[in-house]
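Listed here are the chains, written in short residue letters.
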Amino acid sequence: MDGKELYGRELTRSECRSADEALLDLAEKRPGLVSANGKLTCTRCGNQERKKMQAAPCSCGAACQYCLSCLNMGKIKSCTILHHLPETNSFAWPQEPILQWKGQLSSEQKRASDEIVVTVLSEETRLIWAVAGAGKTEMIFEGIAACLRKGGRVCLASPRVDVCLELAPRIKQAFPDVPLAFLYGGKEDGYSYTPLVIATTHQLLRFREAFDLLIIDEIDSFPFHNDASLQFGAQKSRKKVSALIYLTATPSRAMQNDIKRGRLAATVLPARYHGFALPEPECLWVGNWRKAINKRKTARFLTLIRRQLQTNRRFLLFLPHIQLMEELDGWLSELFPDKQFTCVSASDPDREEKVKRMRAEEYDFLMTTTILERGVTFRDIDVIVLGAEDRVFTEASLVQIAGRAGRHKDFPTGWVCFAHYGETKAIQGAVRQIRSMNRDAGRRGLLNGSVSVLPK
């Protein structure tokens, strides 16, 4: 074993599956839990909360404390020893051209791409605040290539598995000769030591000072935005001198304040790459839709769905909760037996296959929870949010959902409906944010079309 399994990583003994004892003796070692000033800290995830520590009898013979915060990645106990070898960037580097993407960037995408390259070469931090459908993935290609050309290691991470699944083939196509590791929970393939990594942010907990460039897509997404351990893991995965790029269409208020105060460099793109405006949602009151589903009574939202089906336009139907979605799925199957549709959620083991089938246009519509609110692209789609007033749908979530429509250059328009039982601040805020971006894009002369496409 040449140690590559441990380069830039920090693993328990059981995770070092192919490392021999001689190599482990050479590795730097740290305890899994450390105590300072009477407070335990998890070395892997940084958790210090007492309520997220638990004591239990251990095979070592003691009653060991263990960390609950990162338990889904394996147990870190008081007796755990973590093993680490410093990152050496010992790769067989591919020959030029490293980047083999043949597409062309818009002027705004090119501006963002150039600023990303400067950030990478100067090893700084930058936020790319780009509306949904602006083409963020294409903007990062030159930055990735710049890091690889100088012998750096790159990681593209996202909190959402579905976003990673969407990114992986596009990155592989753009960098076909660069070895790529794809890491997420439940993936059957083992870890391999590569210069380019795509991973969920949970997987970053196993890295330590590995990456010269870390790109985090959908930085505001659940669970990353409110999970201190995942944020700790992301920072731990970077080298002390490295570049960090954040990508999102909906930065948090804290990030927006940092931009205003000059604490965070940002590139703002208010328009989509194809020059059409963002779809501005239509807000429709549909009555007590929840009661209608439970009682299977005629409801306004059924008229909405029936009208949409008559237009022969495919659509995503978002619902706030799995149980309600599954109840509605059964009801709609009886009402529309000739239509092809299904439902998908985070707990669905077939969700990847269902998304592929929707992308292949095998379904008339797809019912979904917020699992598909971001990171997925369909060629020509409308969007209905049923129960937009539910607290599950935050302002950022609704903006992201609206951004599923009109993404493709050949189909740059679409209809978005927030169907509700009472408007909320989140609904109003999402509409204001979308209109604000469209106004900004219009003032900059970046728009060449509009998107007012309503069902007939």
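Residues numbered from 1 in each chain as written. Predicted model: local features only at pLDDT ≥ 70, side-chain atom pairs only at ≥ 80, totals over all residues. Heavy atoms only, no water.

Colleague: Quick one: what's the story with empty space enclosed by the protein, residue by residue and with numbers?
Modeller: On inspection of all chains with the given rule, the structure shows one cavity of 30 Å³ or more. The computed volume of the largest cavity comes to approximately 80 Å³. Taken together, Val131, Ala132, Ala249, Leu278, Pro279, Val399, Ala402, Gly403, Gln433, Ile434 and Met437 make up the full set of residues lining the largest cavity. Contributing elements (two or more residues each) for the lining of the largest cavity: helix H12 (395-402) and helix H13 (425-443). A total of three residues in the lining of the largest cavity trace back to one element, the largest contributor, which is H13. Looking at the lining of the largest cavity, its residues break down into nine nonpolar, two polar and no charged. (1 Å grid on protein atoms, 1.4 Å probe; cavity = no way out; pocket = protein on both sides within 12 Å on 5 of 7 lines; lining within 4 Å. Points joined across faces, edges and corners; volume = space filled by probe spheres on them. Helix = DSSP H or I, 4+ residues; strand = E, 2+ residues; numbered from the N terminus. Nonpolar A, V, L, I, M, F, W, Y, C, P; charged D, E, K, R; others polar.)

Colleague: A description of the packing of helix H2 (residues 107-122) against helix H4 (residues 141-149) should follow, citing residues and the corresponding values.
Modeller: Packing of H2 against H4 brings their axes to within 8 Å, and their N-to-C directions diverge by 25 degrees. On the basis of their axis angle, the class for H2 and H4 is roughly parallel. In this structure, the crossing between H2 and H4 has a hand that is right-handed. Across the interface between the two elements, Ser113, Ile116, Val117, Val120 and Leu121 from H2 touch Glu142, Gly143, Ala146 and Cys147 from H4. Taken together, the residues of the contact of H2 with H4 sort by class into six nonpolar, two polar and one charged. (Axes fitted to C-alpha atoms, helices over the stretch in contact; angles between N-to-C directions. Parallel < 35°, antiparallel > 145°, perpendicular 65-115°, else oblique. Left-handed = near helix turned anticlockwise from the far one by under 90°. Contact = heavy atoms within 4.5 Å.)

Colleague: Explain the layout of surface pockets to me, and be specific about the residues and the numbers.
Modeller: Its boundaries defined by the atoms lining it, the second largest pocket holds a volume of some 800 Å³. Contributing to the lining of the second largest pocket are 36 residues, with Gly135, Glu138, Arg170, Tyr273 and Thr377 lying nearest its centre. Of all the secondary-structure elements, those providing two or more residues to the lining of the second largest pocket are helix H3 (136-139) and helix H5 (161-174). When residues in the lining of the second largest pocket are grouped by element, the largest group, seven residues, is from H5. Class assignment for the residues of the lining of the second largest pocket results in 15 nonpolar, 10 polar and 11 charged.

Colleague: Which residues make up the sheet that holds strand E16 (residues 315-318), and what values do they have?
Modeller: The strand order across the open sheet formed by six strands is E15-E20-E19-E16-E18-E17, and the pairing between neighbours is parallel. The sheet is open, and its two borders are formed by strand E15 (282-285) and strand E17 (341-344), each paired with just one other strand. Adjacent strand axes in the sheet meet at a mean angle of 20 degrees, parallel and antiparallel pairs treated alike. Contacting E16, E17 and strand E18 (365-368), helix H11 (residues 351-359) crosses the sheet at an angle of about 140 degrees to E17. Across the sheet, H13 touches E15 and strand E20 (416-420), and the angle it forms with E20 is around 165 degrees. (Pairing = 2+ DSSP bridges.)

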